[in-house]
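Spelled out, the chains give:
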Amino acid sequence: MSEQLTLYLHKLSPYSQKIELALVEVNAPYRAYQVDLFNKPEWFANKVNPVGKVPAVTYGGPNADPEDPSPLSAKIAESNVILEFLADIYPDSGLLPKDPVLRAKARFFADVTTKQVEAPLYAFIRGLESYDNTLKGIEFIQGLLEEGRDFAVGDHYTIADAGISPHLARLKIVIETDLGKFPVGMGYKLGEELKGPKFAKFMKYVQRMLDRPSLKQTHDEESVITLFKTRFTERVQ
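Residues numbered from 1 in each chain as written. Predicted model: local features only at pLDDT ≥ 70, side-chain atom pairs only at ≥ 80, totals over all residues. Heavy atoms only, no water.

**Points about the side chain of Thr58**
Positionally, Thr58 belongs in strand E3 (residues 56-59). A distance of 3.4 Å separates a polar atom in the side chain of Thr58 from a polar atom in the side chain of Gln4. (Helix = DSSP H or I, 4+ residues; strand = E, 2+ residues; numbered from the N terminus. Polar contact = N/O pair within 3.5 Å; in protein donor to acceptor, adjacent residues only side chain to side chain.)

What follows is the structure in structure tokens.
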């Protein structure tokens, strides 16, 4: 019998989605508890994650009310840390390859995703910079993808794929809806650039990740679109 695992998340958080993707991919039993990020309960920081952010997990100990987790359970936070923890407790899942070189490559891919895709993409979405750095980051990531392979690293879904997929889902929304705080039309323009032959390998990888059942199960596209419409009401024409 596996230890209890409770995931504290918000359904619109890409960082929470990373963890759900990994859990679904390995068919792991878990309990999900939605945390209201706009009205966080006091007990969450006191009893689960002192930083007050999602995702976080409690692991082990007796089953307990998620709002009053057992002091015997381990409390783990930060999405990339949790991904590696899941790979450790499910060593046969493939979330981290057994080959040490491939393990290092998966960790490297997950790390550079933060710097090369996540940071510039959300800076663009928030209207803080053009999409030039997003394209540079995508080109860098594309250079890590091997021809003829379905996944970011090796022949199996790993933490590298789980780490980037939520951001790819939001990239799709931006280029298809033009939603963001950037000047009107720039989202569509980014999409046109990505459709060119220069980014063909990257876009094929994106589609493979978006087509996975785990992504469809954990991604509420309509709710993310609604959030973007609410958050990015002021636009530069």
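Read on, since the account is not over.
**A few points about the sheet that holds strand E4 (residues 74-77)**
Sheet strands line up and pair through hydrogen bonds in the backbone, either parallel or antiparallel. Read from one edge of the open sheet, four strands run E2-E1-E3-E4, paired in mixed fashion. Two strands bound the open sheet, and with one partner strand each, they are strand E2 (31-34) and E4. Each strand axis lies, on average, 20° off the axis of its neighbour in the sheet, ignoring direction. Examined bridge by bridge, E3 and E4 share four bridges and lie antiparallel to one another. Opposite Ala56, over in E4, you have Ala77 as the bridge partner. The strands touched by helix H3 (residues 79-89) within the sheet are strand E1 (5-9), E3 and E4, with E4 carrying the most contacts at an inclination of about 130°. (Pairing = 2+ DSSP bridges. Axes fitted to C-alpha atoms, helices over the stretch in contact; angles between N-to-C directions. Contact = heavy atoms within 4.5 Å.)

**Some thoughts on the pattern of salt bridges**
Where charged atoms from two side chains of opposite charge come close, those side chains can pair. As enumerated under the stated definition, the model contains 13 salt bridges in all. Across the salt bridge formed by Lys11 and Asp220, the nearest N and O atoms sit 3.6 Å from each other. Here the residue Lys11 occupies a position in the loop between E1 and helix H1 (14-25), and Asp220 occupies one in the loop between helix H9 (213-218) and helix H10 (221-231), the gap between them amounting to 209 residues. Taking the relative accessible area as the measure of exposure, Lys11 reaches 43% and is therefore partly exposed. Of the charged contacts in the structure, one is a salt bridge between Glu192 and Lys195, with a shortest N-O distance of 3.3 Å. Note on Glu192: relative accessible area 52%, which makes it exposed. By relative accessible area, which is 64% here, Lys195 ends up exposed. One salt-bridge network, held together by shared partners, links Glu146, Arg149 and Asp155. (Salt bridge = Lys/Arg side-chain N within 4 Å of Asp/Glu carboxyl O. Buried < 20%, exposed > 50% of the residue type's maximum accessible area, 1.4 Å probe, protein only.)

**Points about empty space enclosed by the protein**
Evaluated as defined, the whole model comprises one cavity of 30 Å³ or more. One number sums up the size of the largest cavity: a volume of about 50 Å³. Forming the boundary of the largest cavity are Gln4, Thr6, Tyr8, Arg31, Thr58, Pro62, Ala64, Asp65, Pro66, Pro69, Ser70 and Ser73. Looking at the lining of the largest cavity residue by residue, the class counts come to five nonpolar, five polar and two charged. (1 Å grid on protein atoms, 1.4 Å probe; cavity = no way out; pocket = protein on both sides within 12 Å on 5 of 7 lines; lining within 4 Å. Points joined across faces, edges and corners; volume = space filled by probe spheres on them. Nonpolar A, V, L, I, M, F, W, Y, C, P; charged D, E, K, R; others polar.)

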